[in-house]
Amino acid sequence: MKIAVLTKAIPKVDSLKINSSETWIDDSNVKFVMNEHDTYALEEALLIKEELDNNSEVVAITMGAQKSSNQIISEALAKGADRGIIIENDTKITDPLVFAKIFSEQIREEKFDLIFCGLASYDLGSGQTSVLIGEILGMTTATFAIGTKIESSHIKVKKELESGYSQWIRMSLPASISIQSGLNNPRYPSLKGIMSAKSKEVKVKTIDSNFSEMQGFTKFFVPKNEKQTEYIEGDVEDVSNKIIDILKNELKLIA
Amino acid sequence: MILVVLENQRGKIHSFSREAVVAGQIFAKKYDEELCILCLGENVEVLKEEASEFESDKLLVAEHELISQYTSDGFSKALSEIIAQESPRFTIMGHTYIARDFLPRVSVKQDLPFIGDLTSVSFEDEKTIFCKQVFNAKFLTNIEMDPSIEKAILSFQSAAFDKDKIIKGSPKNIIDVKLNLKDSDVRITSEEAFKESDSDVDLSSANFIVSVGRGIESEDNIPMMEKFVENVGADLGSSRPVVDMGIMPKSRLVGSSGFTVSPDLYLAVGLSGAIQHVVAMKGSKKIMGINTDRDAPIFEIADYAVVGDLFEIIPELTKKLSDS
């Protein structure tokens, strides 16, 4: 079984600011981490590899700037991925279909049996990538996976539905699946993992195709408050008295 | 043409679908296009009955045994065929789990942009400007189509349109669509949907809910919350990350994958207010947030924004309440 895990480096800071051109955040001085949903996707792939115990391969793949890409691919290798692929790209792509077309072209020849991807990225949050790539590569697709089970040439996927429902579906391989958070406990890299990661193969690819964007982000802004919000600030004593006053006298929720 | 796709949710029309119809009626008017409503696959009879009360130019009914139960294979193939035939300017759906599951595939099949998860749209001169949340609802971004592109697939978040503004009436025409689906098109089989937990927690009818977010940090802090809710007579709810961390059971999840609630007061404690959470609780009569971050998205929809440390405020509240 050849499993790809698609992952993305995400800016991690406490207070994000919009950049001067108002088209993205100011990421000049931020730290990057692996997109949280992708950590579950990676774990699920590693668990399948371990369970199958048959020389399956887990390949961590990302597209982005060199430094942050190196960082998250190293993390994936340290956790147990067998090799990495970095598709180098410094331009912001905000059309999910263009992103997926480039990605698909770069990994098509690998002929993966499975592609796992986090449900959505923290930054764009389109949640389309795994489905688009699956369709482009002629694979079956599923989203919101909260459980997986390999059955020879098929995979069974437990899908999260709305309002607390779940459902098992069975689909033929190859399949591209987006993974919901919480289905497993993503591991930490071991010291041995970190050491061995250094000797694992990381292929760096460059983009040689050009697709025109059909849609794109044009302007970032801070959401306007839709409500008349009363701010309650101060020391704990005052704040607590105020809250109790609201609960008791304004909303009459407590006697 | 503006094409609105209705969705079945366990035997009823999905509430997001009504909002999509409102969107469709608005787009049809703005663009001076025909409005066409599509009942696709699952449970078409119920959808057809609903749609017969909405004003539209055309009601398309697309039935086929291969789409009598939802699969992304069947639905993407069927909708793609209909789009190829009808060539709608915009195809509109609610931003539901199902829309997210198969619309990207239609986007590939028809090489159309899928502009999804939209919270609003504005029409300015020649331009249509879409808006969506990014960075976990911290910011919004405008999205525009390239001027050379005329057609797109859209999905709208709940409450982007007011479902009560639906124009009642009836379809001018009802047309059965012939679909060319083959057995080999559908490579996915589905089992029955089931409810994960048989817990008796029912937050949907609670009148006072206190929900914890990531700020609660650890399981060790839950007893403090339990003591507090007991003192104020509230029910304890949770956001997704807290469930993922195993701190709270999924049976107490408020969010698109859990309960949708509308209590008299929703008190969000250490909870940032990601979209999946907000869609399920913004119908609450009053919303109060306690958060150390003055810019937390939850405060944008809050009536009361308490800026402070939950680990100081909650015990103090409990103390005052049990003293009185």
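Described below are features of the structure shown in this document. (Residues numbered from 1 in each chain as written. Chains lettered and ligands numbered in written order. Predicted model: local features only at pLDDT ≥ 70, side-chain atom pairs only at ≥ 80, totals over all residues. Heavy atoms only, no water.)

1. A closer look at the sheet that holds strand β4 (residues 35–40) of chain B
Where we set the bar: Pairs of strands are assigned from DSSP output, requiring at least two bridges between the strands. Numbered from the N terminus, helices here are DSSP runs of H or I no shorter than four residues, and strands are runs of E no shorter than two. For helices, the fitted line uses only the C-alpha atoms of the stretch in contact; every axis is such a line through C-alpha atoms, and the angle between N-to-C directions lies from 0 to 180 degrees. In this analysis, two residues are considered to be in contact whenever any of their non-hydrogen atoms come within 4.5 Å of each other.
Strand order in the open sheet formed by 10 strands is β12(A)-β9(B)-β8(B)-β7(B)-β10(B)-β6(B)-β1(B)-β4(B)-β5(B)-β11(B), and the pairing between neighbours is mixed. Sheet topology places β12 (215–221) of chain A together with β11 (171–177) of chain B at the edges, where each strand pairs with a single neighbour. Sheet twist, expressed as the mean angle between neighbouring strand axes with direction ignored, is 35°. Summarising the sheet, β4 of chain B and strand β5 (residues 56–62) of chain B pair through five bridges and their orientation is parallel. Looking across to β5 of chain B, one finds that L40 of chain B is bridged to A62 of chain B. Packing against the sheet, helix α3 (residues 72–86) of chain B makes contact with β1 (2–6), β4, β5, β6 (90–94) and β11 of chain B, and its axis sits at approximately 155° to β4 of chain B.

2. Some points on the environment of T229 of chain A
As a reminder of what qualifies: Throughout this description, a polar contact denotes any pair of N or O atoms lying within 3.5 Å of each other; where both atoms belong to protein, one of them has to be capable of donating a hydrogen while the other can accept it, and for residues adjacent in sequence the pair is counted only when both atoms sit in side chains.
Mapping T229 of chain A onto the fold places it in the loop between β12 and β13 (230–232). A polar contact is formed between the side chain of T229 of chain A and the backbone oxygen of F299 of chain B, at a distance of 3.4 Å.

3. Comments concerning the packing of helix α5 (residues 222–232) of chain B against helix α8 (residues 310–323) of chain B
Residues and elements named next belong to chain B. The line we're drawing: An angle below 35 degrees is treated as roughly parallel, one above 145 as roughly antiparallel, one from 65 to 115 as roughly perpendicular, and anything else as oblique. Crossings are assigned a handedness: left-handed for a near helix turned anticlockwise from the far helix by less than a right angle, right-handed for a clockwise turn.
Interaxial distance between α5 and α8 falls to 9 Å at its minimum, and their mutual angle equals 40°. With respect to α8, the element α5 is oriented oblique. Seen along the crossing, α5 lies across α8 with a hand that is left-handed. The residues of α8 that touch α5, namely those facing M224, M225, K227, F228, N231 and V232, are L310, F311, I314, P315, L317, T318, L321 and S322.

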